[in-house]
Amino acid sequence: MTDHAIAAGQPQRINLLKVLGPAHVWALGVGIVLVGEFMGWNFSVGKGGALGSLIACWVIGLLYTCVAMIDSEVTSTVAAAGGQYAQAKHIIGPLMAFNVGLYLVMAYTMLEAADALVVGDLLAAVAGTETFNTQPWVVLTIAVLAFLNYRGVFMTLTVNFIITAAAFISLVVLFVGTQPWNPGAVLQHRELLTDLPYGWIGVIAAFHFGIWYYLGIEGTCQAAEEVRSPGRSLPLGTMSGMITLLIAASITWYAASGLLPWEYLGQAFTPMYDSAVVTGSDFLKVFLAIGTVLSAVASANGCINDAARAWFSMGRDRYVPLWFGAVHPRYRTPFRSILILIPIAISFAFTGLLDQVITFSILSGLLGYTFMPINMILFRRKWPLNSIRRGYVHPFHPIPALVLLALCIATYFAVFLGYGNQLLAMMAFYIGASLWFAFHRYKYVRRGDQFTMSWPKPQGY
Amino acid sequence: MARRYEPPRQSGIGQFIDSIFIVALVYAAMFLPLIFGLTGGGTVTNVPETVTWESLGQNPTMAAQWEKLGYTPESAAEIISTRFDYTIDPVWFIITALVIGGYFVFVVRYSDKEYREVISERFE
């Protein structure tokens, strides 16, 4: 069968290959997020000071705990490919699902742009010349990774596993190299840590980039269709990923805040490389340069994978043109969905505005987290406990949903502080896209095909 | 039994136009505000008249770290003196809150209308 025939919507469907294990799931989740420890998290220092950033790291950690609790119940029950997108289709409805799919696509595409931007910027820092042109490196990074994704998910995520592990090791090496057991020798927390420069409103403002410590870990469930044993691999890969990230976030904050003045840290593009520079160790400098590039490459790699799969799922369901729902006849990858998002990622990377590109990614993620409590409350209302078989039932409902909703509202306020116009620009995009879907695109969608679970009819319908 | 909805077949040109629309929306709503400087950190910069590490509020350890990064007081002054402006404009705050709240209300309510069609076709 040719890909043309597949795209034309023939009934015979080529499925994605089931080749992934827990290590690949770990690599997909941590690979996307770990770059957040190498860049981006430090903008929270700029918004609220070093201690404000640490408090934001903890509070946003609570937000992700609620995300993990809610997602565990819904993901373990909605055994359909597509992660949160499939959940929205089954629990809330098509327009919400379309938006959730877009949240995933935009969050990962903007993160991919930020990754490529950092690779270019780090090479410029290493080259040490003002005239260094970063743009060819941005294009090269995205093009090579897109090619890997085009060729096959197994090779892509195997590469990701290796480079993610190497990047994580570089953070540990930096931490050990700063002799944390000997305060004052290398780390200078006593002299560098200041009071909260903006008071407590700065702490709330820091929630904005505090999201960056963890953003994307929930992307592990995007690979559900390609995992050999989802019931075992997805929870194992996700939970080991969260533990890895908590360790990495602690190491990162402690090392960087003990080496760099907060004003510098709050605006740096490559804070961990800069931390290595001030230690005076050439070994650490080289190691962290390599670690930063590897983390950015691993993240961009995972982002291309996840964004393309979300777009592909929407194409298969006709939420976007069916042409994107094609699987490559030889490589069994969503090749058209991979290619369409590349120009967008490159364009945003070319702007060089790292904090703003990151903010677009954060806002899409935040909209997705706001969907989760609504989804959870409706899920329990439409299918109460014992009405369907759940893989996991999270305790204390609806407290986690309400806490998550409250933290999301606080984080919108945090983004409004300093980035209010960008928040409205992002909302303009989602409102425009929603109107397009509701009043034009939805007519191409098969109604009954949107519900594939073998559940009873939801209560109230 | 409810009649099964059969969607129209979309032409290749129709699919192309739809693809272009969504990409154009990304550029119009997000990219143009970015490159025209309409978004980004709302900051103010107040560099002191006399620029020294002391006047910039940097102690000797901080100054030493700046110097290891290749900065002088003059080259670091703008970075150190730039602060976010967290003054809240109540009108913009209310507009932003209404936009986000209104968006979610519309999406959830309209989704429910579509969802009833899905459930009707799937279960009846």
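The structure displayed is predicted, hence computed values, not measured ones.

Draft legend 1. View of the packing of aromatic side chains. Enumeration over the complete set of coordinates arrives at 43 aromatic pairs over all chains. Ring geometry for A:Y198 and B:Y86: centres 4.9 Å apart, planes at 55°, overall tilted. In this pair, A:Y198 sits in the loop between α9 (189-192) and α10 (200-210) while B:Y86 sits in the loop between β2 (82-84) and α4 (90-123), so the two residues belong to two different chains. Residue B:Y86 is classed as buried on the basis of its relative accessible area of 10%. Geometrically, the ring pair formed by A:W383 and A:W455 is edge-to-face, given 4.7 Å between the ring centres and 65° between the ring planes. Of this pair, A:W383 sits in the loop between α17 (354-382) and α18 (399-439) while A:W455 sits in the segment after α18; the two residues are 72 residues apart in sequence, bridging distant segments of the chain. One aromatic cluster in this structure is built from A:Y85, A:F98, A:Y319, A:W436, A:F437, A:Y442 and B:F21.

Draft legend 2. Expanded view of the packing of helix α13 (residues 271-279) of chain A against helix α14 (residues 282-316) of chain A. All names here are of chain A. At their nearest, the axes of α13 and α14 sit 8 Å apart, and the two run at 175° to each other. Here α13 is positioned roughly antiparallel relative to α14, judged by the angle of their axes. Contacts between α13 and α14 pair M272, Y273, A276, V277 and T279 from the former with L284, K285, L288, A289 and T292 from the latter. The class makeup of the residues in the contact of α13 with α14 is 7 nonpolar, 2 polar and 1 charged.

Draft legend 3. Fine view of the nonpolar core. With 185 residues, the main nonpolar core has A:L63, A:Y64, A:F98, A:F348, A:Y369, A:F429 and B:M30 as its most contacted residues. It is α18(A) that contributes the most residues to this core, 20 residues altogether. Non-local contacts of A:F348, meaning those with residues more than four positions away in its chain, are made with A:M110, A:A113, A:L117, A:V357, A:F360, B:V26, B:M30, B:F31 and B:L34.

Draft legend 4. Representation of the pattern of salt bridges within the structure. Evaluation of the coordinates by the stated rule reveals 9 salt bridges over all chains. One connected set of salt bridges, linked through shared partners, spans A:E73, A:R380 and A:R390.

Draft legend 5. A look at the packing of α17(A) against α4(B). Interhelical geometry of α17(A) versus α4(B) gives an angle of 40° and a closest axis separation of 12 Å. On the basis of their axis angle, the class for α17(A) and α4(B) is oblique. Helix-helix and strand crossings are classified by hand; for α17(A) and α4(B) the assignment is right-handed. Seen from α17(A), the contacting residues are A:L367, A:T370, A:F371, A:I374 and A:K382; seen from α4(B), they are B:Y103, B:F104, B:V108, B:D112 and B:Y115. Class assignment of the residues belonging to the contact of α17(A) with α4(B) gives a composition of 7 nonpolar, 1 polar and 2 charged.

What counts, and where the lines are drawn
Residues numbered from 1 in each chain as written. Chains lettered and ligands numbered in written order. Predicted model: local features only at pLDDT ≥ 70, side-chain atom pairs only at ≥ 80, totals over all residues. Heavy atoms only, no water. Phe/Tyr/Trp six-rings, centres within 6.5 Å; stacked < 30°, edge-to-face > 60°. Helix = DSSP H or I, 4+ residues; strand = E, 2+ residues; numbered from the N terminus. Buried < 20%, exposed > 50% of the residue type's maximum accessible area, 1.4 Å probe, protein only. Axes fitted to C-alpha atoms, helices over the stretch in contact; angles between N-to-C directions. Parallel < 35°, antiparallel > 145°, perpendicular 65-115°, else oblique. Contact = heavy atoms within 4.5 Å. Nonpolar A, V, L, I, M, F, W, Y, C, P; charged D, E, K, R; others polar. Core = buried A, V, L, I, M, F, W, Y, C linked by side-chain atoms within 4.5 Å. Salt bridge = Lys/Arg side-chain N within 4 Å of Asp/Glu carboxyl O. Left-handed = near helix turned anticlockwise from the far one by under 90°.

Coordinates in, geometry out; function isn't part of it.
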